[in-house]
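# Structural description and commentary
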Amino acid sequence: TLTEENFWSHIMGNINLQHTFQNGQVLSADLDYLTYNNSNPTWYTTTFFDESDNVIDAEEFRISKDTPIDMWVGSVNHSMKFGESVKVDSGIKGTFSELSNTVVFEEQFGSDWIVNPTYSSDGILTEDILAAFSTAAIVFNDKTSLNAGLRYENTKTNINSLSGEELVNRHYGDFFPTVQLARKMGENSQTTFSYGRRITRPTFNQMAPFVIFSDRYT
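In short, a report on the structure. This is a predicted model, so every value here is computed, not measured. (Residues numbered from 1 in each chain as written. Predicted model: local features only at pLDDT ≥ 70, side-chain atom pairs only at ≥ 80, totals over all residues. Heavy atoms only, no water.)

### Quick look at the pairing of strand S3 (residues 26-39)
Pairing of strand S2 (residues 7-20) with S3, which is carried by 14 bridges, proceeds in the antiparallel orientation. For Met 12, the partnering residue across the bridge sits in S3 and is Leu 34. Between the antiparallel neighbours S2 and S3 lie five residues, among them Gly 24 with a positive phi of about 95°. Bridge count for S3 against strand S5 (residues 55-82) is 14 bridges, and the pairing is antiparallel. Considered in S5, the bridge of Ala 29 is made with Val 76. (Pairing = 2+ DSSP bridges. Helix = DSSP H or I, 4+ residues; strand = E, 2+ residues; numbered from the N terminus.)

Following this line, the structure appears as structure tokens:
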């Protein structure tokens, strides 16, 4: 038998400030704080029978998983227009995350629960992402428009065990351009050419390891 519970709690706060200048420029700032906590206890009971349905062996173990996550996100954005046909948006953003993940595997021997270090793990992840971007939207005429932008990101990721062992130390920066050219071909058709370079990061769940058993061998 398998019994699993998965508890999530979440709190979020936001502060937003925005100012519009007389010439139409807009300056805004955001600050977000997010905190999550995931508790995922699991209990396994395995009973073995012979061909006559007599109990020949039984084992019981349990796994606890606690994963608190804290995140600060701050950004400043600026928007302005040049005439009626050009709009430029620029901004900077910082995301600062910390995640700790503790998995404890325990086996029952008599009335005692013994920790098995083979399937237990702990780790602390800190990740800082700094980014700056600028995009321009240009309307050439009623039929042709262009959207182009460039984003730079600098990421620093560290994962350490609670004992201080360094597991991951990664630091990189890169540019991510995007461009889209659209041309109306008629009343009901449009041709678009686009190019973009993006980055996909693993989710926090993927970076917080867990143990799942199908049986004593799998």
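### Describing the pairing of strand S6 (residues 86-109)
For S5 and S6, the ladder comprises 20 bridges, and the chain directions are antiparallel. Note on S6: the bridge partner recorded for Gly 74 is Gly 94. Hairpin geometry of S5 and S6 is characterised by an intervening segment of three residues between the two adjacent antiparallel strands and by a positive phi of about 70° at Gly 83. In terms of strand pairing, S6 meets strand S8 (residues 121-139) through 18 bridges, oriented antiparallel. By the bridge assignment, Gly 91 is partnered in S8 with Phe 133. Sheet topology note: the S6/strand S7 (residues 112-115) ladder contains four bridges and is antiparallel. Directly across from Glu 107, in S7, lies its bridge partner Ile 114. Following S6, the chain reverses through two residues before pairing antiparallel with S7; Gly 110 in that reversal takes a positive phi of roughly 65°.

### A closer look at the packing of aromatic side chains
Counted under the stated rule, the structure contains six aromatic pairs. Note on Tyr 33 and Trp 72: the rings are 4.7 Å apart at their centroids and 45° apart in plane angle, and the pair reads as tilted. One end of the pair, Tyr 33, is in strand S3; the other, Trp 72, is in strand S5, with 39 residues separating them in the sequence. Consider the rings of Phe 61 and Phe 105, whose centres lie 5.0 Å apart with planes at 35°: the pair is tilted. Residue Phe 61 is located in strand S5, and its partner Phe 105 is located in strand S6; the two are separated by 44 residues in the primary sequence. (Phe/Tyr/Trp six-rings, centres within 6.5 Å; stacked < 30°, edge-to-face > 60°.)

### Points about the pattern of salt bridges
Evaluated as defined, the whole model comprises four salt bridges. For the salt bridge of Glu 106 with Arg 62, the shortest nitrogen-to-oxygen distance reads 2.7 Å. Taken together, the residues Glu 106 in strand S6 and Arg 62 in strand S5 connect sequence positions 44 residues apart. Looking at Glu 106, the relative accessible area reads 16%, which means it is buried. For Arg 62, a relative accessible area of 27% gives the class partly exposed. (Salt bridge = Lys/Arg side-chain N within 4 Å of Asp/Glu carboxyl O. Buried < 20%, exposed > 50% of the residue type's maximum accessible area, 1.4 Å probe, protein only.)

### Focus: unusual backbone geometry
Unlike most non-glycine residues, Asp 53 shows phi in positive territory, near 65°. In this fold, Asp 53 is placed in the loop between strand S4 (42-49) and S5. Note on Asp 53: relative accessible area 60%, which makes it exposed.

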